[in-house]
2 protein chains.
Amino acid sequence: MSILSSAADVLRCFSSTRHDVTVTDLVTLLGMPKSNASRLLRAMRDEGLLETVGQTKRYRPSLLLNQVGQLYRFAASLIDRSDAVVGVISDRIGHTGYISVRRGAHVIGVTAHPGRHALRVVTAIGDRLPAFASSTGRALLARLPDEEVRTLYPEGLSAPSETAPQDLEALLARLAEIRASGFAESHDEAVRGVHAISVAVGDPTTGDEVALCITIPATLVEQQERLAIIAALSEGAAEIAALTGDTRFFPLNLAFAETAP
Amino acid sequence: MSILSSAADVLRCFSSTRHDVTVTDLVTLLGMPKSNASRLLRAMRDEGLLETVGQTKRYRPSLLLNQVGQLYRFAASLIDRSDAVVGVISDRIGHTGYISVRRGAHVIGVTAHPGRHALRVVTAIGDRLPAFASSTGRALLARLPDEEVRTLYPEGLSAPSETAPQDLEALLARLAEIRASGFAESHDEAVRGVHAISVAVGDPTTGDEVALCITIPATLVEQQERLAIIAALSEGAAEIAALTGDTRFFPLNLAFAETAP
DNA sequence: AACTGTTGTTCCATTTTTTGGAACTATCTC
DNA sequence: GAGATAGTTCCAAAAAATGGAACAACAGTT
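Scope of this entry: the structure provided in the associated data block. Predicted, not measured: the structure shown is a model, and the values here were computed from it.

**Details of the protein's contact with DNA strand C**
Part 1 of the reasoning: Near DNA strand C lie 18 residues; those nearest to it are A:Asn36, B:Met1, B:Thr24, B:Lys34 and B:Ser38.
Part 2 of the reasoning: The contact atoms of DNA strand C, taken as those within 4 Å of the protein, divide so that sugar and phosphate hold 56%.
Part 3 of the reasoning: A:Asn36 is positioned with one of its side-chain polar atoms (N or O) 2.5 Å from a phosphate oxygen of DNA strand C.
Part 4 of the reasoning: Residue B:Ser2 places a side-chain N or O atom 3.1 Å away from a phosphate oxygen belonging to DNA strand C.
Part 5 of the reasoning: Going through the elements one at a time, α1 (3-13) and α3 (34-46) of chain A together with α2 (23-30) and α3 (34-46) of chain B are the ones with two or more residues in the surface near DNA strand C.

Rendered as structure tokens:
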């Protein structure tokens, strides 16, 4: 067990609900001896990975991590490009937009553009959602061949709501729809009360894949706006796909969009 | 030499001009044996600190670092609050706004809000500027007693332009002005062609201090807009200072603002 | 297709760091 | 100021890191 792995574990302790940690936090969260926790936190601070909060014994991520973390979106320039596209759409229609990536069977928000409407969807960056029960997740899963999707769910799936796919076959059917229509849609699934529209795009040279998504409060969905969002997302993603030479991109087929969601 | 320190050194290799690294990059940048560089990068990837770029032998920061880095602004909630204030002002007037922190004799941009004007100032997040030759830097230095400022510059200072303070005494004189007026201003200093207005605020419980800044292309400065920016920044910062109980905040004294910059 | 320079990986014994229990110190709470 | 809680330091045993060199993969060239 290298100290590097303990250090990475410490970083994984941070979350949107835990902005700083103490020696005892590590003891309880990671089950590590107090002595190690104490020395590890100090070492990480000395190396510039963490900072102490004022005079207290609390440790938080450092400015260095903030800076290096910001580079992620440029290193994965696909994210930056997609974020720009979503930002423009979100600005124009006033609803929340965001970018997600998939890690195994989960999707994780990377960047977000909060909407301007009084009733808006707030997505927490860094939150993990089950891929099969969200539009971003299915948009990304649709890029995989069916057999790879199957291997992701050796245990089958447990749906969080009635509108989500109830089993693996239902999921594969919806992925087929996404491939044919060019966009993914969800309603009241992993996040209740939220309607989401997503399109995925990739960069074959880096292997990165992201989903571009616009979310609307489920009660406010209007057919005209919905079509505008689908068109805008697909158009933006198609431009990116052309740029990166993404051959797995599914172009929009409006015939599928015109039936109400 | 702990492996942690090597890992931190690797992270420091990343910059706005170097989004990924290879084994040889580490050998040349850090002078470490090839064998170590190879194993270190692999170990950091295995622990989730780095990712490989597609199939290549290039390594870039990971999603984990991106997420932990994002938490910085919430952990240091002063940054988040200040960022909100600057975002509103930047949105309203269309000029670029940003937040900086000081590390020793340098200031580093943490968040940025690009302006909407065709001619806009683009600030790179993570770039280091000399504190004494920027408005953000001086706004933050003004919070220190003079003798601490002196110890920061044991070698004196070398001004990057004629409008920057030419020596330590000139710097201290300008810091005194800032304490009296409540805001800092720079024109054509560390960044040529840029006029900047800054106000600093701190949080005594965490020891954090940040500068709120709005930048304008030097050719576009108008007295009325300038006064509006000064007032808005100072007002926003004053609210934060009240919230955190910052006793070192310098309130606005408009008498100083009304003489042209 | 063989050659060549470049880049990355693996192996090894030696050196250095890490580990975890326990004793110790500091800090907080009532 | 007693008692509890939180954090630090010490130590020998165990584990990991080091750097040189041999090896392997790769890209470009003739």
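**As for α1(A)**
Part 1 of the reasoning: In terms of burial, α1(A) is a largely internal element, eight of the eleven residues being buried.
Part 2 of the reasoning: At the N-terminal end of α1(A), a side-chain oxygen is found 2.8 Å from the backbone nitrogen of A:Leu4, two or three residues along, and the residue is A:Ser2.

**Re the nonpolar core**
Looking at soluble globular proteins, one finds that nonpolar side chains tend to be buried together.
Part 1 of the reasoning: A:Leu11, A:Met44, B:Leu11 and B:Met44 are the most contacted members of the largest nonpolar core, which totals 42 residues.
Part 2 of the reasoning: Those elements giving two or more residues to this core turn out to be α1, α3 and α4 (63-75) of chain A together with α1 (3-13), α3 and α4 (63-75) of chain B.
Part 3 of the reasoning: Those residues in contact with B:Met44, other than ones at most four positions away along the chain, are A:Leu4, B:Ala7, B:Val10, B:Leu11, B:Leu49 and B:Leu50.

**Considerations on the relation of the copies chain B and chain A**
Part 1 of the reasoning: With an RMSD of 0.1 Å, chain B superimposes on chain A once it is rotated by 180° and translated 0.1 Å along the axis. The operation mapping one copy onto its partner corresponds to a two-fold rotation axis. Closest approach to the rotation axis among the C-alpha atoms of chain B is made by B:Gly69, whose C-alpha sits 2.5 Å away.
Part 2 of the reasoning: Interface residue correspondence from chain B to chain A reaches 100%, placing this contact among same-surface, isologous pairings.

**Concerning the protein's contact with DNA strand D**
Part 1 of the reasoning: Taken together, 16 residues lie near DNA strand D, and A:Met1, A:Thr24, A:Ser38, A:Arg42 and B:Asn36 sit nearest.
Part 2 of the reasoning: Expressed as a percentage, the sugar and phosphate content of the atoms of DNA strand D within 4 Å of the protein is 53%.
Part 3 of the reasoning: Between DNA strand D and the protein, one listed contact pairs a base oxygen with a side-chain N or O atom of A:Lys34 at 2.8 Å.
Part 4 of the reasoning: One of the side-chain nitrogen or oxygen atoms of A:Arg39 is found 3.2 Å away from a base nitrogen of DNA strand D.
Part 5 of the reasoning: Elements with a contribution of two residues or more to the surface near DNA strand D: α2 (23-30) and α3 of chain A together with α3 of chain B.
Part 6 of the reasoning: Top element by residues in the surface near DNA strand D is α3(A). It accounts for five residues.
Part 7 of the reasoning: The residue inventory of the surface near DNA strand D, partitioned by class, reads four nonpolar, seven polar and five charged.

**Some points on the layout of surface pockets**
Part 1 of the reasoning: Space inside the second largest pocket adds up to approximately 480 Å³.
Part 2 of the reasoning: For the second largest pocket, the lining is made up of 23 residues, of which A:Arg102, A:Thr206, A:Gly207, A:Asp208 and A:Glu209 are closest to its centre.
Part 3 of the reasoning: Going through the elements one at a time, β3 (97-103), β7 (194-203) and β8 (208-217) of chain A together with β1 (50-52) of chain B are the ones with two or more residues in the lining of the second largest pocket.

**Here we look at the pattern of salt bridges**
Part 1 of the reasoning: For the coordinates displayed, the defined rule picks out 36 salt bridges over all chains.
Part 2 of the reasoning: A salt bridge links A:Asp246 to A:Arg143, with the nearest nitrogen and oxygen atoms 2.9 Å apart. Here A:Arg143 lies in the loop between α6 (135-141) and α7 (146-152) and A:Asp246 lies in the loop between α9 (223-244) and α10 (254-257), a separation of 103 residues in the sequence. Note on accessibility: A:Asp246 and A:Arg143 belong to one class, buried.
Part 3 of the reasoning: A salt bridge links B:Asp188 to B:Arg192; the shortest N-O distance between them is 4.0 Å.
Part 4 of the reasoning: For B:Arg192, a relative accessible area of 54% corresponds to the exposed category.
Part 5 of the reasoning: The network of salt bridges with shared partners includes A:Glu51, A:Arg60, B:Arg103 and B:Asp208.

**Observations concerning the packing of aromatic side chains**
Geometrically, a pair of aromatic rings is defined through the distance of the ring centres and the angle of the planes.
Residues and elements named next belong to chain A.
Part 1 of the reasoning: Scanning all chains against the criterion turns up two aromatic pairs over all chains.
Part 2 of the reasoning: Ring centres of Phe132 and Tyr153 lie 5.9 Å apart, and the angle between their planes is 85°; this geometry places the pair in the edge-to-face category. Pair noted here: Phe132 is in the loop between β5 (128-130) and α6 and Tyr153 is in the loop between α7 and α8 (168-181), with a separation of 21 residues, a long-range link. Considered together, Phe132 and Tyr153 belong to a single accessibility category, that of buried residues.
Part 3 of the reasoning: The ring of Phe74 has Arg73 sitting right over it, with the charged end atom 5.8 Å from the ring centre.

So, how was this worked out
Residues numbered from 1 in each chain as written. Chains lettered and ligands numbered in written order. Predicted model: local features only at pLDDT ≥ 70, side-chain atom pairs only at ≥ 80, totals over all residues. Heavy atoms only, no water. Near = heavy atom within 4 Å. Polar contact = N/O pair within 3.5 Å; in protein donor to acceptor, adjacent residues only side chain to side chain. Helix = DSSP H or I, 4+ residues; strand = E, 2+ residues; numbered from the N terminus. Buried < 20%, exposed > 50% of the residue type's maximum accessible area, 1.4 Å probe, protein only. Core = buried A, V, L, I, M, F, W, Y, C linked by side-chain atoms within 4.5 Å. Contact = heavy atoms within 4.5 Å. Least-squares fit on C-alpha atoms with pLDDT ≥ 70 in both. Nonpolar A, V, L, I, M, F, W, Y, C, P; charged D, E, K, R; others polar. 1 Å grid on protein atoms, 1.4 Å probe; cavity = no way out; pocket = protein on both sides within 12 Å on 5 of 7 lines; lining within 4 Å. Points joined across faces, edges and corners; volume = space filled by probe spheres on them. Salt bridge = Lys/Arg side-chain N within 4 Å of Asp/Glu carboxyl O. Phe/Tyr/Trp six-rings, centres within 6.5 Å; stacked < 30°, edge-to-face > 60°. Lys NZ or Arg CZ within 6 Å of the ring centre and 35° of its normal.

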